[in-house]
Amino acid sequence: MVTVEAPVIGITVLYFIAIIVIGYYSRQRLKSATDYYVAGRQVGAVVNGLALESTYLSPASMLGLPAYVFIIGYPFWWAMAAIIAGMPIATLLTASALRKYAPTSFADYYADRYNDERLRWLVGIVTVIAAVLYITLSIVGMALFLLAVAKVPYIIGLIVGTVIVMLYVVWGGMIATSWNAAFQAALMTIAAVIAAIAIVSSLGGINGFYEAVAANNPKFWNTPSDPQPPHVFSGTWIAVIGWFFVWHYGFATMPYTVVRFFTTMDIKTARRSIFWCTLFAGIFYVALQVIGASSKLMIETGPMSGTGANAVEILKGYMAKYGVGGWPDYSMIAAVEALQNPWVLGILCAGGLAIAMSTAAGWVMVVNTLLTRDWGSMLLKSKFAQERPILLARIVSVVFLAVGFIVAINPPGLVLDLSGWAFVVIISALGPGLILGLWWKRATRAAMWTTAIIMTVLHLYAWLKAKLVLGHHAFFFLNDVLFGNKAALITPHQVWAIPVGFILFIVVSLITKPPQEEVVQKYCVELTQEV
Amino acid sequence: MPWPPKVFWVGVVLYYGFTALCWIAEATSGINHIVGAPFWYAAILGTFLIPLFMSVIYFYFPEKAEEARGGGA
C-alpha cells in the first residue's frame, strides 16, 4: 500500500475545489457568445497578465525543464531568460495593435488583412494540429503529477483532470478560463518560489548554492568558451544563440497568447497585462533556474539515492516505476521530493496541475472559437452554429478534450515530443503573416498561403528526419547531406525555421502583386499607429 | 511604412545589448566562474529585472503619449 502524506492530498483537493468553484460562479456571468469567446472583453490587467503566464508556459516547465537545465548546463538559463524577454517584446509588436483591432478569433486578422476568407481554413488547420498535441501533452502532465506525487492511478488522474477542465471550460468559456488561469498562475509561481527558497536555504544561500552545484556537476557553470562545455547542445556559441531565440518570439505569435490580448478591456489594459505577466513569469523562471541547476544535486542526495547515485539513473527508475512519459519528466518531482517536506510537495502538485490545466484550457478556447465561429458560422454558414454558438462551442471543447484524453491513455512518445515541433511550426508558418502583416505594407496574400503551407510541411519533414534518421530533433536536418556528420550543427528545435519562414514570406511578397491600398491602410497602417 | 515607436527599440537594444555584453564577458573574462555571479546577472537581471523594466517602459511611455494627445485608447 502506497502512503501519501495528508498535506499532499489536502492541498490537491483544495486546489480542485477552488477551480471548480471559480468555474461554476463564472457561469453566471456568461450572457452571450462574445462572453464565451473573449470574456466580453472585460478582463482586467492583473487577471489577464496572470492568465497569460499560466497559459503560455506549458507543463514542460514543471516537468522536464529541471533535467534540461542540469544536462545542458548554465547556458540554458539564457534560453529561459529569452522566453521571459519575449513577453514585453510582444507588447508593441503585436498585442497593442491586435487589441486595437479587437477581433474575436485567432484567424480574424489573417482573413481581413489578406482579404481572403479561405485563410480561416488554413490558419484553423495548423492551429488545430498544434492544439491536439498541446492538449494531449497537458492532460498527460496533469495525470503524471497526480500519479507521481499524489499516487493517484494514471487512468484516474486522466479522468479527474480532463473532467475538471471540461467542467469549467463548458460552464464559463473564456471567463472561467481567464479567472482559473490567473489563480493557477499565482499558484504555480508560489509553488516554484517555495521550492527554490527551500533548496537555496538547504544549500546555505546563493553562494552555497553556486558552489554546491559546481561541486556536484563541475561543468555546469561552463560556457562554450571553457575547455569543457556542459554538453554538446551547449558546446558552441551558435548553439547557445539558437537556444536563446528558439522560444523567444512565441509569446507574440502563439494563438493561445494572442487571443488573450482580445479579452482585455482596452489597449491600455492589454499593455499593462504584459507587465503583470512579465513580473510573475520572471519570478517563476528565476525559481525554475535555481531548481534546475540544483536538481541533479538534490536528486543524487535525496531519499531515492544510494552510494554513487546518478541522477539520470534515478530518474529512469522513476520512469520504470510509473511507466508514463520520459525520464526527464520526473526531474522536478524528484528534486522536490528530495526536500522531504510534504507541504512543499503538495504545493508542487497543485502548481503542476495548475500549469497543465491552464494550457489545456487555453488551447481548447482557441479551437472552440475557430471551429464554431470561423468554420461553422462564417464559412459553412451552419444554422446551428449561428443560432446556438455557445452550445456548439461547448460541444467542440468536450470533443477536443476527449480526443486528448483518448490519446493520453497510452501516449506515443512521438506525440509528446511533437508539441515542441508544433510550437516552432506556428511561429514559422503563421508568425511572419501576423507580424509582417502589421508592420510591412508589402505583405501579400500569396506569401501568407505559401509560407503557411511550405513551413508546416517542411518543418514536419525536417523535425521527423532529425529525430528519426539523425537521432535527435536538435540536430540540423541537413547535417548528413551538408557536413557528413549528423551532429555537425546543433539547431535546437530547428530554430532555423523561424528566419527561413520570414525570408520566404518576404521573397514571395516581393514577387507577387501588392495588396490593395485600402486594406493595407485599415489593417496595417491604422492599427500600428500610436501603439 | 509603419515603424514601431522609439521606446520599442530602446527596450530591444537594452536587452540584446545586455545579453551580448554578458556573453562577451563570459567568453573573455570568465565571469560565469565568479561564485554566485550568474545568479545575479543572468537570473535576476537577465530573466527578471530587465524584461520587467522593458514591460514598464512599454506601457508607461505609450500611455504618456496618449495623455499628451489628450485621450486614451
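Every value quoted in this text rests on a predicted model; they were computed, and no experiment measured them.

**So, the overall build of chain A**
From N to C terminus, chain A includes 23 helices and zero strands. Here the C-alpha radius of gyration of chain A, 23 Å, is about what a compact globule of 531 residues would show, namely 24 Å. Projecting the C-alpha coordinates of chain A onto the three principal axes gives extents of approximately 70 × 60 × 40 Å. Summarising the internal contacts of chain A: among those between residues at least 6 apart in sequence, 81% fall at separations of at least 24.

**What about the overall build of chain B?**
Scanning chain B from terminus to terminus reveals two helices and zero strands. In terms of overall size, chain B is more extended than a compact globule, its C-alpha atoms giving a radius of gyration of 16 Å where 73 residues would be expected to give roughly 11 Å. Taking the principal axes of the C-alpha coordinates as reference, chain B spans close to 50 × 25 × 10 Å. Classification of the 73 residues of chain B by burial places 32% in the buried group.

**Here we look at the interface of chain A and chain B**
Contact residues are listed per partner, giving 42 residues for chain A and 35 residues for chain B. If you list the elements that add at least two residues to the side of chain A that touches chain B, you get helix H5 (76-101), helix H9 (205-216), helix H13 (267-301) and helix H23 (517-528) of chain A.

**Describing H23 of chain A**
Residue and element names in this part refer to chain A. Between its first and last C-alpha, H23 extends 15 Å over twelve residues, near the 16 Å set by a 1.5 Å rise per residue. Burial in H23 covers these residues: Val-520, Tyr-523, Cys-524, Leu-527 and Thr-528. End-on, the buried residues of H23 take up no more than an arc of 115°, which puts them together on one face. Summarising the geometry of H23, the exposed residues directed more than 90 degrees from the buried face are Glu-517, Glu-518 and Gln-521. Here the buried face of H23 lies against H5, helix H6 (108-113) and helix H19 (413-439). In the stretch just after H23, Glu-530 is the one whose phi turns positive, near 50°.

**Considering the domain arrangement of chain A**
Residues and elements named next belong to chain A. Segmenting chain A into domains produces domain 1 (6-411) and domain 2 (413-531). Between domain 1 and domain 2, the C-alpha centre-to-centre distance is 23 Å. Every contact between the two is made by 43 residues of domain 1 and, on the other side, 37 residues of domain 2. At the level of secondary structure, the elements contributing two or more residues to the side of domain 1 that touches domain 2 comprise H5, H6, helix H7 (119-148), helix H10 (237-246) and helix H11 (250-253). When residues in the side of domain 1 that touches domain 2 are grouped by element, the largest group, eleven residues, is from H7.

Procedures and definitions
Residues numbered from 1 in each chain as written. Chains lettered and ligands numbered in written order. Predicted model: local features only at pLDDT ≥ 70, side-chain atom pairs only at ≥ 80, totals over all residues. Helix = DSSP H or I, 4+ residues; strand = E, 2+ residues; numbered from the N terminus. Rg over C-alpha atoms; globule rule 2.2 N^0.38 Å. Contact = placed C-beta atoms within 7 Å. Buried ≥ 20, exposed ≤ 12 C-beta atoms within 10 Å, placed from the backbone. Expected span 1.5 Å × (residues − 1). Arc of directions from axis to C-beta. Domains from an automatic or database assignment.

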